[in-house]
Amino acid sequence: MLGITTLLVVTAVVALVVQGRHDSMNVARARSLSVAETFAHAPGVAAALDSKDPTTLLQPRAEDVRRSTGVEYVVVAGTNGIRYTHPDIALIGDRIVGPYKEALEGDAYTRTVTASHGLAVNSVVPVPRPDGTAAGLVSVGIKVETVNKLAYPSIPLALGAAVAALVLTAGGAALVSRRLGRQTRGLGPAEMTRMYEHHDAVLHAVREGVLIIGADGRLVLANDEARRLLDLPAGAEGRAVTTLGLHPRTAELLASGRVATDELRPAGNRLLAVNLRPTGERGGPPGTVATLRDTTELQALTGRAETVRERLMLLYRAGARIGTTLDVTTTAQELAEVAAPGFADCATVDLADPVLRGEEPEPPSGEVMDMRRTALHGARPDHPLYPLGRVIGFVPTSPEGLGTSSGHTWLVPDLAASQQWRLPDPGQAARILEYGFHSLLSVPLHARGVILGMANFWRAQNEAPFDAEDLSFAEELVARAAVSVDNARRYTREHEMAVTLQRSLLPSGLPEQNALDVAYRYLPAQAGVSGDWFDVIPLSGARVALVVGDVVGHGLHAAATMGRLRTTVANFSTLDLPPDELLSHLDELVARMDQNETAGAAITGATCLYAIYDAVSGRCSVARAGHPGPALVLPDGTVEFPEIPAGLPLGIGGMPFEATELEVPEGSRLVLYTDGLIERRDRDIDDGLEQLRDALAGRDRTPEETCDDVLEALLTSRPGDDVALLVARTRTLDPARRVQWQVDPDPAAVAGVRKEAIRWLADRGLDEEGFVTELILSELVTNAIRYGSEPISVRLLYDRALICEVSDCSSTSPHMRYAATTDEGGRGLFLVAQFAERWGTRYTERGKVIWSEQSLDEPPRP
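Residues numbered from 1 in each chain as written. Predicted model: local features only at pLDDT ≥ 70, side-chain atom pairs only at ≥ 80, totals over all residues. Heavy atoms only, no water.

1. Observations regarding the overall build of the protein
Here is step 1: Broken down by element type, the protein carries 24 helices and 30 strands.
Here is step 2: Counting only residues that meet the buried cut, the protein has 44% of its 862 residues in that class.
Here is step 3: Put simply, 59% of the contacts in the protein that link residues at least 6 apart link residues at least 24 apart.
Here is step 4: In the structure as shown, the protein presents an accessible area of about 43,700 Å², 55% of it carried by carbon and sulfur atoms. (Helix = DSSP H or I, 4+ residues; strand = E, 2+ residues; numbered from the N terminus. Buried < 20%, exposed > 50% of the residue type's maximum accessible area, 1.4 Å probe, protein only. Contact = heavy atoms within 4.5 Å. Areas by Shrake-Rupley, 256 points an atom, 1.4 Å probe, with all protein chains shown as cover.)

2. Thoughts on a negative patch on the surface
Here is step 1: There is a patch of like negative charges on the surface, built from E679, D684, D686 and D687.
Here is step 2: Of note, E679 is situated in the loop between α19 (675-678) and α20 (685-696).
Here is step 3: The class for E679 is partly exposed, based on a relative accessible area of 41%. (Patch = residues over 30% accessible without salt bridge, like charges linked within 9 Å, V, L, I, M, F, W, Y side chains within 5 Å. Salt bridge = Lys/Arg side-chain N within 4 Å of Asp/Glu carboxyl O. Lys, Arg positive; Asp, Glu negative; His and termini not counted. Charge placed at Lys NZ, Arg CZ, Asp CG, Glu CD.)

3. Considerations on the confidence of the model for the protein
Here is step 1: For the protein, per-residue confidence averages 81 on the pLDDT scale, and 81% of positions sit at 70 or higher.
Here is step 2: Taken together, the stretch residues 396-406 has pLDDT below 50 and engages in 28 contacts with residues farther than four places along the chain or on a different chain. (pLDDT = per-residue confidence, 0-100.)

4. Examining the pattern of salt bridges
Here is step 1: In this structure the tally under the stated criterion is 33 salt bridges.
Here is step 2: A salt bridge links E237 to R227; the shortest N-O distance between them is 2.2 Å. With a gap of ten residues between them, E237 in the loop between α8 (224-230) and α9 (248-256) and R227 in helix α8 connect regions that are remote in the sequence.
Here is step 3: When the shortest N-O distance is used, the salt bridge between D486 and R489 registers 3.0 Å. Of the two residues, D486 and R489 both sit in helix α16 (residues 468-505), three residues apart, roughly one turn of that helix.

5. Brief notes about the sheet that holds strand β23 (residues 660-663)
Here is step 1: The five strands are arranged β17-β18-β19-β20-β23 in an open sheet whose pairing can be described as antiparallel. Both edges of this open sheet fall to β17 (533-539) and β23, since each of them pairs with a single strand only. On average, adjacent strands in this sheet sit at an angle of 20° to one another, irrespective of strand direction.
Here is step 2: Where strand β20 (residues 619-625) lies against β23, four bridges are found, and the strand directions are antiparallel. Among the inter-strand pairings, S621 is bridged to a residue of β23, identified as E661. (Pairing = 2+ DSSP bridges. Axes fitted to C-alpha atoms, helices over the stretch in contact; angles between N-to-C directions.)

6. Some thoughts on the sheet that holds strand β5 (residues 209-214)
Here is step 1: Strand order across the open sheet formed by five strands is β6-β5-β9-β8-β7, with antiparallel pairing between neighbours. Taken across any chain shown, the strands that pair with only one partner, and hence form the sheet edges, are β6 (219-222) and β7 (260-267). Between one strand axis and the next, the sheet turns through 25° on average, direction left out of account.
Here is step 2: Two elements, β5 and strand β9 (residues 287-294), share six bridges in a ladder whose sense is antiparallel. When the bridges of β9 are listed, L211 appears paired with A290.
Here is step 3: Docked against the sheet, α9 engages β5, β7, β8 (270-278) and β9, running at close to 145° with respect to β7.

Structural data, given as structure tokens:
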């Protein structure tokens, strides 16, 4: 061993000497080239070459450079090769030797040449002018003997190092021998061989894969178990682990060299737990040792546990998401969205038509049971399934109806192999299979013993077919959803009943009258019916009453109360009461109704606005009981909110109501509304009034257009409270269609009134109404003269009907009665009632007005 070490040391010394000389030669080449390039590019060299006496200018500089750098010579020559400088002055003017023209072309070179003083390293560099042309050459040389002297000082050092290395090697060998002896406890080569064989046998016999990977990422050692688990190819040792055909994630982990503990990585159809530890922490060689365990079965158990956990989470989400609204269609869609894609790739829900209407579905009796496709989720737009809204007939005796008739799910693990599933519609079945669906699970939605519909779950991307575990989960999921669907169905039924009741209590149309052009809108609340109402009531004397009211609360009770209040207002209107008096009577009635109601059913809190518009005077009298005031849109587009005393809501009592008279120019629009239009949870009432002002202001619009614009501006979504909106454009009665006379309190004046009335009717083409009008005026004027007080006046109005009005300052009202055969009077009002379509009495601030209306064959247009 010592001889081998000596040989290696000698060889190393020789190599060092040779390498030193080689390096010295390279240094000489670099030095000569750097001196030549530095001198060639020095300032003034190119100009000196182009001067008349280059030698005088360049010879001193060249000698200075030669002495300072230690080179053999620095020669400057022209482009023709004639020397201008040289250490030997006798050689100045001679032509230089060698292929100097190569340097003139712009390429500097360095060569070893034979000079007069022996071998030398020579470098030739062109001297460039500013325009890029060569002005001459610079040749720098250094002798080889001088070069070799550079390496001589290193030879003694190399020899000394060799001797030192020899001594250290001998000492080290002795120390290593002693250490090996201690570590092997004196074991000889045979004993060491047996120990290695024993360790090798143990390494390959363990049921855990072991890999040793070097610091360069190459496989050093793999036992038999590792080869089996990773399916390693033959000759894997020495190859990079990334080239062994392993799964990319597994190869990346093995080559990373980091510490890993039980990280799961795929290997073929196995799942391995990989542990990595560095081998160099305790003095070993750098690298990594990896151990592998097959955890496929454990992962399968873990996967089943994870599946159970996911199913439980899905049921939890279903409880939170299904049934958020009381809408049947929305609930069905929520079921489909929960099931797909978490449980199935696609889910559809089909419900019986009675369920969608809120009715109780009838049990199947063997005939076709129609179901409508209500929800679909998880499929692409080009899916082959029946679209939403399609009616699907399920026959209980057919495969599709198995779940419907028996109340059990229908599981089809393999659609392609099921003949029963294909039988009803082979064409549709073929399209479904072509799309990629391969497994189906149909579960009936039943609640309280009644089948509501079917939930169908399809799989396409998920290659696993539905199994018994999926069946149990689907039944649990659908059972929960069925309760929500049934609740929504029953709510729909109750809601439809309430809406039907409410709409039956609201006006079905507008009455015929010429005083106002009216349009209305009614929007029920999102949460259900409420107690908002409106009404348009024609009154005597070309007058019309506008009513808007609101009952606090929702549901059937609010709707029924609204109907009672609307009926009461309509009845009070027949008495021709002023708005404030009518609200006072209504307030008393509501208070009595509250006293008779059971606890919790009181209606206190109802509000109402009552307005009477007179088409003759163009004035409007308004009173309100806790209701928002009207908006008045003038003909020029200006919007006003008149100050109307609010009054207390109906039923509270104790305070009188106050009416306000408004001047309403012809063509103005009166806008009445409930608080649901301007007040919302996310909007202050003042902001709502400003938005209403902006929606009403500006151009002239019809009442219908006004309703549309207001709802579009203020209701961006379905309202949370009922909204009633009433828009009325005002008209005034043409002065040519009305006339008024003062009557003297003398029975003889009746004849004059009859003559004036006949003449006025004749001028308007109403000759046929003359006889009846004479009779009515005679009776009414005679009663006013006999029983009333001055002043007495007569007014005729030609509107949709011919209106006769006789007013006086008495507060006593005549009553119709049956006169006995012996009575001389008492038949006047009876005749008036027989010849007039309507008649009545209304009270004024100064007395009363007795009026009658005669229908016309063709009432005039407004």
